[in-house]
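# Close look at the chain arrangement
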Amino acid sequence: LLSTTTVAPKSLESALAGGSLFINVFDASAQPIQGATVHVVNASVTPAIDLTDITNTGGLLQLVGVSTSTQRYQVTVTKPGYSSDQTYLPGASGNPDPVLPHGTVALQTLTQMSFSIDRVSTVNVATWNNVCAPVASGAFSLTGSKLIGTGTPSVPKFTTSSVTSVTSGVKTFSNI
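Residues numbered from 1 in each chain as written. Predicted model: local features only at pLDDT ≥ 70, side-chain atom pairs only at ≥ 80, totals over all residues. Heavy atoms only, no water.

With that settled, consider the pairing of strand β8 (residues 110–116). On β8, burial follows the alternation: T111, M113 and F115 on one face are buried, whereas L110, Q112, S114 and S116 on the facing-out side are not. Examined bridge by bridge, strand β1 (residues 19–26) and β8 share seven bridges and lie parallel to one another. Bridging across to β8, F22 finds its partner in Q112. (Buried < 20%, exposed > 50% of the residue type's maximum accessible area, 1.4 Å probe, protein only. Helix = DSSP H or I, 4+ residues; strand = E, 2+ residues; numbered from the N terminus. Pairing = 2+ DSSP bridges.)

Ordered by their spatial adjacency, three strands build an open sheet running β4-β1-β8, and the pairing between neighbours is mixed. In this open sheet, the two strands that pair with only one neighbour each are β4 (60–66) and β8. This sheet shows a mean twist of 15° between the axes of neighbouring strands, independent of strand direction. (Axes fitted to C-alpha atoms, helices over the stretch in contact; angles between N-to-C directions.)

In this section: the nonpolar core. Grouped together as the largest cluster of nonpolar side chains are 20 residues, with contacts concentrated most on L21, I23, V25, V38, V40, V75 and V77. Of all elements in the fold, only β1, β2 (37–42), β4, β5 (69–78) and β8 reach the threshold of two or more residues within this core. Filtering out sequence-adjacent residues up to four positions away, L21 remains in contact with V40, L61, Q62, L63, V66, Y73, V105, T111 and M113. (Core = buried A, V, L, I, M, F, W, Y, C linked by side-chain atoms within 4.5 Å. Contact = heavy atoms within 4.5 Å.)

Attention now moves to unusual backbone geometry. Residue T46 is joined to P47 through a cis peptide bond whose omega torsion reads -5°. Assignment of secondary structure puts P47 in the loop between β2 and β3 (49–54). T152 connects to P153 through a cis peptide bond whose omega is 0°. Examined against the element boundaries, P153 turns out to sit in the loop between β11 (147–149) and β12 (155–156).

Below, the discussion takes up the side chain of D27. Mapped onto the fold, D27 is located in the loop between β1 and β2. It is R119 that comes nearest to the buried, bridge-free D27 among opposite-charge side chains, at 7.2 Å. Polar side-chain contacts of D27 include one of 2.9 Å to the backbone nitrogen of S29. Polar contacts involving the side chain of D27 include one to the main-chain amide nitrogen of Q31, which spans 2.9 Å. In contact with D27, other than residues within four places in its own chain, are I33, S116, I117 and D118. (Lys, Arg positive; Asp, Glu negative; His and termini not counted. Salt bridge = Lys/Arg side-chain N within 4 Å of Asp/Glu carboxyl O. Polar contact = N/O pair within 3.5 Å; in protein donor to acceptor, adjacent residues only side chain to side chain.)

Relative to the helices and strands, T52 is located in strand β3. Separated by 13 residues in sequence, T52 and H39 have C-alpha atoms that sit 4.4 Å apart.

Bringing the pairing of β5 into the picture now. Across five bridges, the pairing between β2 and β5 is antiparallel. When the bridges of β5 are listed, V38 appears paired with V77. Bridge analysis of β5 against strand β7 (residues 103–105) gives two bridges, and the strand direction is antiparallel. For Y73, the partnering residue across the bridge sits in β7 and is G103. Strand direction decides the pairing type here: β5 and strand β6 (residues 85–86), joined by two bridges, are antiparallel. Among the inter-strand pairings, T76 is bridged to a residue of β6, identified as Q86. Counting the residues in the hairpin turn of β5 and β6 gives six residues, including G81, whose phi is positive at 85°.

This part covers the environment of T164. Mapping T164 onto the fold places it in the loop between β13 (159–163) and β14 (170–173). C-alpha separation for the pair T164 and V135, spaced 29 residues apart in sequence, amounts to 8.1 Å. In contact with T164, other than residues within four places in its own chain, are V125, T127, V135, S137, G138, F140, G169, V170 and K171.

Below, the structure written as structure tokens:
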């Protein structure tokens, strides 16, 4: 006796005209982020999609029955007091090999995309000499560890070359 079963996520039990896009948002500890704002844009489908919604208690936004499209679903995730995350167009100048390319939705399939955002903080960079006195106009460069592109060279989410304050020898970066 042979038996077959098909299992589908809730709301996906029937044949859809399009596909589904599930967006997961979590922090650095893999904890879901409830109430994150998700902005989804796809101008290449008819009618064009430009919607904003928020994630549920599980950090999930479910879009069911959306139009099929290849690498055209632009997704941006934000929340006050948190960093942001987004998709990028593959092959674009400055980031040809994005870690998170624009989403693809295929007919009667589920596409899952995951985004990591975390609480922001302030970073102070101080330049001092060997007797711990501030160095006026100390030059430095600062690069974050999160990558948005994996090509050669890799593309960091945050990078800057800057100069510290003339009076205090300190440069402050907020919302990092």
